Amino acid sequence: MGRLVALSLLGIALALLGERLLALRNRLKASREVESVDLPNCHLIKGIEAGADDIDILPNGLAFFSVGLKCPGLHSFSPDKPGGILMMDLKEENPRALELRISRGFNLASFNPHGISTFIDRDDTVYLFVVNHPEFKNTVEIFKFEEEENSLLHLKTIKHELLPSVNDIIAVGPAHFYATNDHYFSDPFLKYLETYLNLHWANVVYYSPDEVKVVAEGFDAANGINISPDKKYIYVADILAHEIHVLEKHPNMNLTQLKVLKLDTLVDNLSIDPSSGDIFVGCHPNGQKLFVYDPNNPPSSEVLRIQNILSEKPTVTTVYANNGSVLQGSSVASVYDRKLLIGTLYHRALYCEL
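If you check an unreviewed UniProt entry, the protein appears there as Paraoxonase from Acinonyx jubatus. Database annotation for the protein, UniProt heading Subcellular location (unreviewed entry): "Membrane". Taken directly from UniProt, the Function (unreviewed entry) text for the protein runs: "Capable of hydrolyzing lactones and a number of aromatic carboxylic acid esters."

So this is what it looks like as C-alpha cells:
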C-alpha cells in the first residue's frame, strides 16, 4: 500500500513538472521563427561587440548605450570585460559610439549596467540613472552627465529591500524613479524556481528619497518601463506574458492599470518616440534560443512599433526582424529624427536611417 501511495505521488509530481515545463516552453515561444523584415539603410555600430541592452536618447540627439551586461547563465561574448556607458551624437553626419569616462571612486571593475534612463532637471542638468548588478547584486546608480568632458560624475548608489531584482528604470525626478523587478527573489536558484512555477510575483516600485513603495504587482516578469510624453501613463513590458501594461500615474505616484496589450513575442525594453508618442519595442521572438545559446541557431531579433496604444485597437507594425544572421537578441529600439538604434542583450547594435 505504501509503495502504491509513493508511486502515485511520484506520478503526480512528474505530471506537474511536465505541465510546468510545457507552459514554460509556451511562455518562451520556443517554437517560433521569424521572417526577415529588412531596413534599407543600416549598419552595425563599431565598438559594440557584447551587447547594448538599453538605449536612451536626449532631446538634443545624444544617445546613451548600456553595454556589456552579464547575468548568471546568460551567454556573453566578453565575459571578463566590465560593462560601460557609451554615447553617440545622432546629429553628426557619421556618428560614432564613444565610451564615457566615469569619475574616480566608482568601482569600474564590477560595473554591470542593465536598464538606463535620463532626466533633465529645471536647470538643464542631465542625470543618468543606471541599473547596476555589481557581482550580480542590485543597485541603482545616479550620475551627472558632464557634456564638455564627455564624462559621468557618480553621485549616488541606491540599494533597497524593495529592489531585489531590478531590470529597468524610468527617472521622474533628480533622485526619483519607477523601477521594474523582474523577479521577487534575488537568489539565482529561487529566481529560476519562481519563473518555472509561473508565480507572477514580479512588480514595479516607486523610489524617492522620502518614500519607497510597490505601486504595481502581479507580473510574470516585469521588464522594460517607460512613460508617455504627457507624463500621465507608465508603460510596463511583461516579457514572459507577452504583454505591455498601460498604467495611469496619480499625483501620489501610485499606479492603476488601465489596459493590457497582448502580443505574440517576448517584449523587452520600451522606447517612446517623443514626436508621436509611438512605442518602439525590442523583442525576442524565441526566448529559448536567447537563454540557451547555440551559435549555429542563434536568437533572432524583432522590433515592433505600437501606435495609439490608448485606443481600442492600437496599430502594431513589425519595423525590423532578423533570424540572427545580422543581429541576435534585440532588447531595445530607440528612434530620433528618423534614425533608429537597435540594441541587443549580448550581441551587436544596429544604426538605421528610416
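Trainee: Quick question: what am I supposed to make of the UniProt feature "active site" (unreviewed entry) in the protein here?
Mentor: In the numbering used here, UniProt assigns the "active site" (unreviewed entry) feature to His114. Structurally, the position occupied by His114 is in strand E7 (residues 113-120).

Trainee: Looking at this model, I keep getting lost on a nonpolar patch on the surface. Mind explaining?
Mentor: On the surface, Phe189, Leu190, Leu193 and Leu197 cluster together into a nonpolar patch covering about 340 Å² of accessible area. Within the fold, Leu197 resides in helix H2 (residues 188-197). Classification of Leu197 by relative accessible area gives partly exposed; the value is 35%.

Trainee: It is not clear to me how the pattern of salt bridges should be interpreted in this structure. Could you clarify?
Mentor: If the charged atoms of two oppositely charged side chains come close together, the side chains can form a pair. Counted according to the given criterion, the structure contains eleven salt bridges. The closest approach of N and O atoms between Arg348 and Glu49, which form a salt bridge, is 3.4 Å. Of this pair, Arg348 sits in the loop between strand E24 (339-344) and strand E25 (350-353) while Glu49 sits in the loop between strand E1 (42-44) and strand E2 (52-57), and the two are 299 residues apart along the sequence. By relative accessible area, which is 45% here, Glu49 ends up partly exposed. We note a salt bridge from Lys339 to Asp337, for which the minimum N-O separation is 3.9 Å. Under the relative-accessibility criterion, Asp337 is labelled exposed at 58%. Linked by salt bridges that have partners in common, Lys29, Arg32, Asp264 and Glu302 make up one network.

Trainee: Sorry, what's going on with the state of the cysteines here?
Mentor: Two cysteines joined by a covalent bond between their sulfur atoms form a disulfide. A full pass over the atoms with the stated rule returns one disulfide. Bridging Cys42 to Cys352, the disulfide has an S-S length of 2.1 Å. Looking along the S-S bond of the Cys42-Cys352 disulfide, the torsion reads about 110°, which is the right-handed sense. With Cys42 in strand E1 and Cys352 in strand E25, this residue pair connects regions lying 310 residues apart in the sequence.

Trainee: Teacher, can you tell me more about the pairing of E7 here?
Mentor: A regular strand carries its side chains on alternate faces of the sheet. Most of E7 is tucked away, with seven of its eight residues classed as buried. In sequence, E7 turns back onto strand E8 (residues 126-132) through a hairpin of five residues, with Asp124 there showing a positive phi of about 70°.

Trainee: Explain the sheet that holds strand E14 (residues 212-219) to me, please; I cannot follow it from the model alone.
Mentor: Backbone hydrogen bonds hold the strands of a sheet together, and the pairing may be parallel or antiparallel. Read from one edge to the other, the open sheet built from four strands follows the order E11-E12-E13-E14, with strand pairing classed as antiparallel. The sheet terminates laterally at strand E11 (166-173) and E14, the two strands that pair on one side only. Direction aside, the axes of adjacent strands within the sheet are offset by 15° on average.

Rules and cut-offs
Residues numbered from 1 in each chain as written. Predicted model: local features only at pLDDT ≥ 70, side-chain atom pairs only at ≥ 80, totals over all residues. Heavy atoms only, no water. UniProt positions renumbered as here; feature names shortened; annotations may be inferred. Helix = DSSP H or I, 4+ residues; strand = E, 2+ residues; numbered from the N terminus. Patch = residues over 30% accessible without salt bridge, like charges linked within 9 Å, V, L, I, M, F, W, Y side chains within 5 Å. Areas by Shrake-Rupley, 256 points an atom, 1.4 Å probe, with all protein chains shown as cover. Salt bridge = Lys/Arg side-chain N within 4 Å of Asp/Glu carboxyl O. Buried < 20%, exposed > 50% of the residue type's maximum accessible area, 1.4 Å probe, protein only. Disulfide = S-S within 2.5 Å. Pairing = 2+ DSSP bridges. Axes fitted to C-alpha atoms, helices over the stretch in contact; angles between N-to-C directions.

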